[in-house]
Structures are given as structure tokens and as C-alpha cells.
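Examining the three-dimensional arrangement
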Amino acid sequence: MIASSEYPDIIFAKGDADALIDAGALIDMTDLIEEYGPNIKKLYGENFARLKYSQDDPAIYQLASNGVGNVAFTTSGTAQLQYDVLAFNNYEIPYTLEQYEAQIKNYLAANPTIDGLDTIGLSISCSDWHWFITLANPAGFINGYPDNGQWVIDDANNYEASYKHSSEGQYEYFQWLNRMYNEGVLDKDFATQTHDDYIAKISTGRVLGLLDTSWDYYDAELVLKEDEKFGKTYAGLPVTLNKDIKSVALMDQGLSTGWGVGITTACEDPVRAVQFLDWICTDEAQVLLSWGIEGVNYELGEDGMRFIPEEEQKYKDTDVDYKKETGVGFHNYPFPRYGDGVQAPNGDYYTAISKDTTIKNYHEAEKAALEAWDKEMLIDIFPSRDNFDISPYGAVWQLTLPAEFNEYETVLNDIAWEYMIKSIVAKPENFDATWQEFQDKMVKNGLNEANEMLTGLIRERVEFWAN
């Protein structure tokens, strides 16, 4: 698009907004929002200042795609385990990798096959971009690092940044994966299988544990639910490297604003475009996009509050095409939106996800676990969000950062993807040498320079947003 200078009116560039901004392709929406965007300002509220690009360029180029004020009622945790495996292990909650491994091995030994197919202890998907989700991200979460993409930020040390896979705990985690691979617990095809292969395996119910996030294996769980194999669905767990590390799965990182929708210079009527985005932020549009149509996708109770009828909820929970066929939940991302748990003036929720609806929609295997744990919600086995400070810079992976830094990160990521797989599949006696080669190669390709640059960028962002 940049090469041809041909753009759509409105664009969602994910992590590439910096390139569009550098090319002068996005307009500054500040004055337009001031005149035509009262609902935009209302939706972002106290977070509105976070939409500004930088201290040197305080323009508003994008409206953030993350839910404003979001409260987590669910989490896939740091690792996942089938409810059948938990039940087999008397519903003991695995808090460490050692405990997690033991539960998988216990069940695997007693159930070498499931429905005539070989049981798989663990599987991950990393033959394409999913390596970020199943290979890189868990390496941070299990070490107690918040979701800052490939980076660890030491908030207590003036926001000192370091590339995650050179940080504390990474050696130990990948050595554990190496052992799981060599012992036959980790799927032998983990590095080469396609993501479709991965989802297909999960759909059979023979994969006991995952190192993933729920949206990534969502379609497979829908198949399992449709087949009423609820025990084969997954519990998100607060697994960490050891008992001294606390899971940060419920940490509130604040509103991240680097990913969002912007208006391009090709738009012939930017006023109309802002008016459209402002309408998206109205209560009318927010309810339409998240709940659907009254009398079709939801009903009003005697108290005037919205609820989803039982048949519609079943359709939603078991049909992989529900969002596409109904439009409900399909069009609200990446547009501006209220997060789960945010209430409208009448006390009803903007989205269909709240504490009450979450509890109401637990399936039988989830209810059995809750009864065994004597908990009200599945998230109650995790340290609550009150245990953590809100990040003053958001999530690093969603910040719009300069091209020079992104070039460093791309090189480091390519090295990490290759060497993390090499480290896992190495013979145990070769692991140390492979890992050291990995670390040395990162240093030779800008590791220290990238760490230093990001440290400065994070400090600038904190200062900018604070003012």
C-alpha cells in the first residue's frame, strides 16, 4: 500500500502503524474528534490522552482496539490441562511445572490411547507465526512476566528492558521442554505440524496439555463441546516455573493503544469517517455489535436487562461459525469498544460477558472442578488483579515503536524462533551448547542495542502519559 500510495478510507494496521505514520498515510484525528467525536471521548474517558502518538508528535492517528475498562472473568492462565486429567489427579491444582508434568504423566501412563489414537501429553504449534503464541509467550508467563511480547520490563529498575529469551528463567523453561520432547511427552511433530493439524489433534480429545491461549484453540474446543466431550476441554492453570513465582495471568496492564483503526489520507470525507467511528462508540452500536438484535440474539428480562436465551447460547457455544453467521462479536474488533464488565448508565453490561453470565455458562466439567476446589469462579485459583500494579505503559507488543527498533526485534525474533526449536529437539547432552550458541548469536545481532533503545522508549512513554 505504501509503495503504491493506494489506501482504504479506514485501516487497521496491527503492528505496522509506524510504517504508515512514517509514510504520512494517516491523518491526525485530534481536531475532528474534538468537533465530531463526543462518543469517542466518552468511551475512552480518562484513557483518551493515551491515544496520542508520542511526546514529539502528540497526534491521534488511531483509535485503540482493546476493550476500555476490561475486567477479566476468564483466563487461559499460563498452561492448560484437560478436566479429565485434573479429575484423574483428584483435582489437585498444579502450580509448578513439576506438578503439571506429574499430572500429565500420571494420566498418560494410565491412558496410552484415547478413542483408538495415541495419547499426546503436550502439543504446541510453531511452524508459522503461532510460535509467538505457543512457544514464546508461555516462556514469559511461566516465569511470571506480564504479556509484553518478546520483552521483559523491570518496572522496579526504572523500566529497564531486556529481550525475553535472554532473561532469567528462560534456560530452565526450555531445558524442561527439551526433556519433555526427549521423553516423548511433547508432541514429536510440534515444530513441523501446521496449525490446522494442531487444531485437528486437539479436536479429537487426545492432547492432554497445551501451552497456548484460549482464543488460539477456540475452534477445537467448540468441536469438543458440540460432541459433549466436556472433560476433554481445558482448564487454564496458574502454572509457573517454581513455587516462588506468582502467575500474572489476571494482571491489568491498562489500555494499550498502539493497535487500532486510523483514517488515511485517501479518505475523501474524513468528517464522515470520524462520524462513523463516533457512532461505533455509541451505546446503540456497542450493544448491536456485542449482543446482536433484540428478539433474535438476545431478550430483555422483566428487570429490563439483556439476556441470551438458552438455545441461542448453545448455538454460540458450539458452532464455530456463530460469529460469522450472526455478526454478533464479529465486527466489534478492531473498532473502539467497551471491555467486558463495563456497565452502561442503566446498570446493564455493554458486552455479554460478566461475572453472572460466566458462572451461568460453565459446563459440567467446569462445575465439577469448581465444586472440588470450593471456588465460585475458575479465575479464583489465580492471584487476583489487586496483587499487581497497572502498567504505566500498557503492553509493549502493542506499542507503536520506531522502525529502527522494529528492525532489531525482527532479527532477534528470527534467531529466537530457530534456536528455541533447536534447543528443544537437541539431545540432552547438547542442550547447553545449543543454548549458548543462541545467546551468543543474539548478542552479535543487536541484543544489547535493542535493550538499550527500548529502555529509553519505555521511559519516554511513561513520562509522556503521566503528563
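This structure is a prediction, so every number in the text was calculated from the model and none was measured.

Bringing the sheet that holds strand 9 (residues 207-210) into the picture now. Strands belonging to one sheet form pairs held by backbone hydrogen bonds; the direction of such a pair is parallel or antiparallel. Across the sheet, which stays open at both edges, the four strands sit in the order 6-9-3-10 with mixed pairing between neighbours. Every other strand in the sheet has two partners, leaving strand 6 (120-123) and strand 10 (234-237) as the edge strands with one partner each. Taking each pair of neighbouring strands and ignoring which way they run, the sheet shows an average axis angle of 30°. In this structure, strand 3 (residues 79-82) lies alongside strand 10, joined through four bridges in antiparallel fashion. Across the sheet, the residue bridging to Leu81 is Ala235, located in strand 10. Sitting on the sheet, helix 8 (residues 195-203) touches strand 6, strand 9 and strand 10, and the angle it makes with strand 9 is about 125°.

In this section: the nonpolar core. Within the largest apolar cluster, 77 residues are counted, with the highest numbers of intra-cluster contacts made by Tyr100, Phe174, Leu211 and Leu454. Ignoring anything within four residues of it in the chain, the contact list for Phe174 reads Leu135, Ala139, His165, Met420, Ile424, Phe431 and Trp435. Grouped together as the second largest cluster of nonpolar side chains are 28 residues, Ala64, Val68, Tyr338 and Val342 included.

Glancing now at the side chain of Gln103. Here Gln103 is to be found in helix 5 (residues 97-110). What makes Gln103 buried here is its relative accessible area of 4%. For Gln103, the residues in contact, after removing those within four places along its chain, are Leu81, Val85, Leu86, Asn89, Glu92 and Pro94.

Given a rise of 1.5 Å per residue, 13 residues ought to cover 18 Å, and the 18 Å separating the end C-alpha atoms of helix 7 (residues 170-182) matches this to within 8%. Those residues of helix 7 that fall on the buried side of the exposure criterion are Gln170, Tyr173, Phe174, Trp176, Leu177, Asn178 and Met180. Looking at the buried positions of helix 7, the neighbouring elements they touch are helix 5, strand 6, helix 6 (131-141), helix 16 (403-425) and helix 17 (431-444).

Turning our attention to the side chain of Asp18. By the secondary structure assignment, Asp18 is in helix 1 (residues 17-22). Despite its burial, Asp18 remains without a salt bridge, the nearest opposite charge being carried by Arg461 at 11 Å.

Moving on, we come to unusual backbone geometry. Looking along the chain, the bond that leaves Tyr333 and enters Pro334 is cis, with omega of 15°. Residue placement: Pro334 occurs in the loop between helix 13 (322-326) and helix 14 (355-360). Backbone geometry at Asn158 places phi at a positive 55°, although glycine is not the residue there. Structurally, Asn158 is set in the loop between strand 7 (151-154) and strand 8 (160-163). Overall, Asn158 belongs to the partly exposed group, its relative accessible area being 44%. Unusually for a residue other than glycine, Glu228 sits at a positive phi of about 60°. Residue classification places Glu228 among the exposed positions, given a relative accessible area of 57%.

Another point: the packing of aromatic side chains. Under the definition given, this model contains 25 aromatic pairs. When the ring of Tyr217 is compared with that of Tyr234, the centres are 5.5 Å apart and the planes differ by 70°; the resulting orientation is edge-to-face. You can see Tyr217 sitting in the loop between strand 9 and helix 9 (218-226) and its partner Tyr234 sitting in strand 10, a full 17 residues away along the chain. In this structure Tyr217 comes out as buried when scored by relative accessible area, which is 2%. Ring geometry for Trp435 versus Phe438: centroids 5.1 Å apart, planes at 90°, classification edge-to-face. Separated by three residues within a single helix, Trp435 and Phe438 lie in helix 17, roughly one turn from each other. The class for Phe438 is buried, based on a relative accessible area of 0%. A connected cluster of aromatic rings, assembled from ring pairs, spans Tyr171, Tyr173, Phe174, Trp176, Tyr419, Phe431, Trp435 and Phe438. Above the plane of the ring of Tyr218 lies Lys323, whose end atom (NZ or CZ) is 5.8 Å from the centre. Lying over the aromatic face of Tyr419, Lys422 brings its terminal NZ or CZ to 4.7 Å of the ring centre.

Criteria and thresholds
Residues numbered from 1 in each chain as written. Predicted model: local features only at pLDDT ≥ 70, side-chain atom pairs only at ≥ 80, totals over all residues. Heavy atoms only, no water. Pairing = 2+ DSSP bridges. Helix = DSSP H or I, 4+ residues; strand = E, 2+ residues; numbered from the N terminus. Axes fitted to C-alpha atoms, helices over the stretch in contact; angles between N-to-C directions. Contact = heavy atoms within 4.5 Å. Core = buried A, V, L, I, M, F, W, Y, C linked by side-chain atoms within 4.5 Å. Buried < 20%, exposed > 50% of the residue type's maximum accessible area, 1.4 Å probe, protein only. Expected span 1.5 Å × (residues − 1). Lys, Arg positive; Asp, Glu negative; His and termini not counted. Salt bridge = Lys/Arg side-chain N within 4 Å of Asp/Glu carboxyl O. Phe/Tyr/Trp six-rings, centres within 6.5 Å; stacked < 30°, edge-to-face > 60°. Lys NZ or Arg CZ within 6 Å of the ring centre and 35° of its normal.

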